[in-house]
Amino acid sequence: MTTIRLVQGDITRESADAIVNAANSSLLGGGGVDGAIHRRGGPAILADCRKLRAGHYGKGLPTGKAVATTAGNLDARWVIHTVGPRYSQEEDRSDLLASCYRESLRVADELGARTVAFPAVSAGIYGWPIDDAARIAVETVRETETAVEEARFVLFDEKAYQAFARQVD
Ligand code: AR6
């Protein structure tokens, strides 16, 4: 059984086996959580991302997939980068968002990570409404078979925290 925990704060301050990054396909950095993780984690993370781009992920990481790198100076062993979908009113991309959580847990299992910290993937720059993002995140983690013991959602602000709390209570 995976225990779900909620924390309000900055995910780059967390201690966990793996910290999930809401990246983009380029894997080369951006704003939001991605920017914060690269800033605090230091250049080792970007160096690993560049290696991934030079190897198997020449075209970038597809939406809904996940891949791990070192965590650099973060208090974690790995960063798991996943690419959330941009929210669309015309098209239901929920399964791609669910896939981010499934794939991140799959990568965590491959690594042997037992505690994993997640941000609210797609709920920032990619525009996903927070209540729906929280529902998909919590439902997917609950439904996914994994050896991860603790899935910790680290929510940046009170509104996001409350949205997740409504799903967990
Ligand atoms: N710790 C925890 N949560 C955070 C932090 C932080 N330090 N900073 C922001 N959030 P976003 P996305 C919250 O925009 O929507 C980047 O440019 C934020 O309030 O980081 O998946 C990438 O390179 C929101 O609730 O990710 C991509 O291009 C949630 O984290 C694009 O943004 C996700 O917001 C990805 O957009």
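Residues numbered from 1 in each chain as written. Predicted model: local features only at pLDDT ≥ 70, side-chain atom pairs only at ≥ 80, totals over all residues. Heavy atoms only, no water.

Caption draft 1: Fine view of the sheet that holds strand 2 (residues 18-23). Reading across the sheet, the 6 strands line up as 1-6-5-2-4-3 and stay open at both edges, with mixed pairing between neighbours. With one partner strand each, in any of the chains shown, strand 1 (3-8) and strand 3 (66-70) form the two edges of the open sheet. Put simply, the sheet's adjacent strands are angled 25° from each other on average, direction ignored. Relative to strand 4 (residues 78-83), strand 3 runs antiparallel, the two sharing 5 bridges. Each bridged residue has a counterpart across the sheet, and for Ala-68 the counterpart in strand 4 is Ile-80. Of the strands in this sheet, strand 2, strand 3, strand 4, strand 5 (115-118) and strand 6 (150-155) touch helix 3 (residues 94-111), which is tilted by about 155° from strand 4. Contacts from helix 5 (residues 158-168) reach strand 1 and strand 6 within the one sheet, and its direction differs from that of strand 1 by about 160°. (Pairing = 2+ DSSP bridges. Helix = DSSP H or I, 4+ residues; strand = E, 2+ residues; numbered from the N terminus. Axes fitted to C-alpha atoms, helices over the stretch in contact; angles between N-to-C directions. Contact = heavy atoms within 4.5 Å.)

Caption draft 2: Layout of the environment of Arg-13. Turning to its location among the elements, Arg-13 is positioned in the loop between strand 1 and strand 2. Exposure remark for Arg-13: the relative accessible area of 58% places this residue in the exposed category. Spatially, the C-alpha atoms of Arg-13 and Asp-75 are 7.5 Å apart, while their sequence positions differ by 62 residues. (Buried < 20%, exposed > 50% of the residue type's maximum accessible area, 1.4 Å probe, protein only.)

That is the geometry; function is a separate question.
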